[in-house]
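# Understanding the architecture of this molecule
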Amino acid sequence: MTDSSSARGTAAAWKAVALPSLLWWARELLAALLWGVALAHLFVLDVGYTIESRLPAVAVFVRYRLFVLLAVAALIWLAFGGRWFLRSFGYVIAYPLVLLFGSSPRLCFATRPLRLRSPPRSISC
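### Quick notes on helix α4 (residues 65-80)
For the α-helix, the turn length of 3.6 residues means that residues three or four positions removed from each other point alike. Under the 1.5 Å per step criterion, the end-to-end length of α4 is 22 Å for 16 residues, consistent within 8% with the ideal 22 Å. Of the residues flanking the end of α4, it is Gly81, one or two places downstream, whose phi is positive at about 95°.

Below is the structure:
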């Protein structure tokens, strides 16, 4: 095996492993960010007004945030395909349920392997 084919094999293996992991982390971050902003907007403060007052350059995007979100969703749909997009969209929408019924019980009731020691064998003469 030559060095160039070895480098190509390593790059292909890295891409095969890293891309799904990267997309998983991006989906987790997006879901947490969207739900965090929604809850902050609902219970704490007006997020749109705060962003407009602190960053006047993005005031147009905040004012038309529905159209911006639809455009970004359309671009993601075109880039990754319909099936992946719909699964990810459903995951983001149901993210509080995923945390409530999926991740939290797994963290609380994680099964760890128990190491049971056998009693010492009796030595018979």
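### Considerations on the packing of aromatic side chains
The description of an aromatic ring pair rests on the distance of the ring centres and on the angle between the ring planes. Inspection of the entire model under this criterion finds 5 aromatic pairs. An angle of 45° between the planes, with centres 4.7 Å apart, marks the rings of Phe80 and Trp84 as tilted. A centroid spacing of 6.1 Å and a plane angle of 15° characterise the contact between Phe85 and Phe89, whose relative ring orientation is stacked. Pair noted here: Phe85 and Phe89 are both in helix α5 (residues 82-93), with a separation of 4 residues, about one helical turn. Taking the relative accessible area as the measure of exposure, Phe85 reaches 12% and is therefore buried. Members of the aromatic cluster, each reached through a chain of ring pairs, are Trp77, Phe85 and Phe89. Over the face of the ring belonging to Tyr91 we find Arg27, whose NZ or CZ atom lies 4.1 Å from the ring centre.

### Details of the confidence of the model for the chain
In this model, the chain carries a mean pLDDT of 77, and residues with pLDDT of at least 70 account for 69%. Ranking the elements of the chain by mean pLDDT puts helix α1 (residues 3-43) last, at 73, and α4 first, at 90.

Conventions used here
Residues numbered from 1 in each chain as written. Predicted model: local features only at pLDDT ≥ 70, side-chain atom pairs only at ≥ 80, totals over all residues. Heavy atoms only, no water. Helix = DSSP H or I, 4+ residues; strand = E, 2+ residues; numbered from the N terminus. Expected span 1.5 Å × (residues − 1). Phe/Tyr/Trp six-rings, centres within 6.5 Å; stacked < 30°, edge-to-face > 60°. Buried < 20%, exposed > 50% of the residue type's maximum accessible area, 1.4 Å probe, protein only. Lys NZ or Arg CZ within 6 Å of the ring centre and 35° of its normal. pLDDT = per-residue confidence, 0-100.

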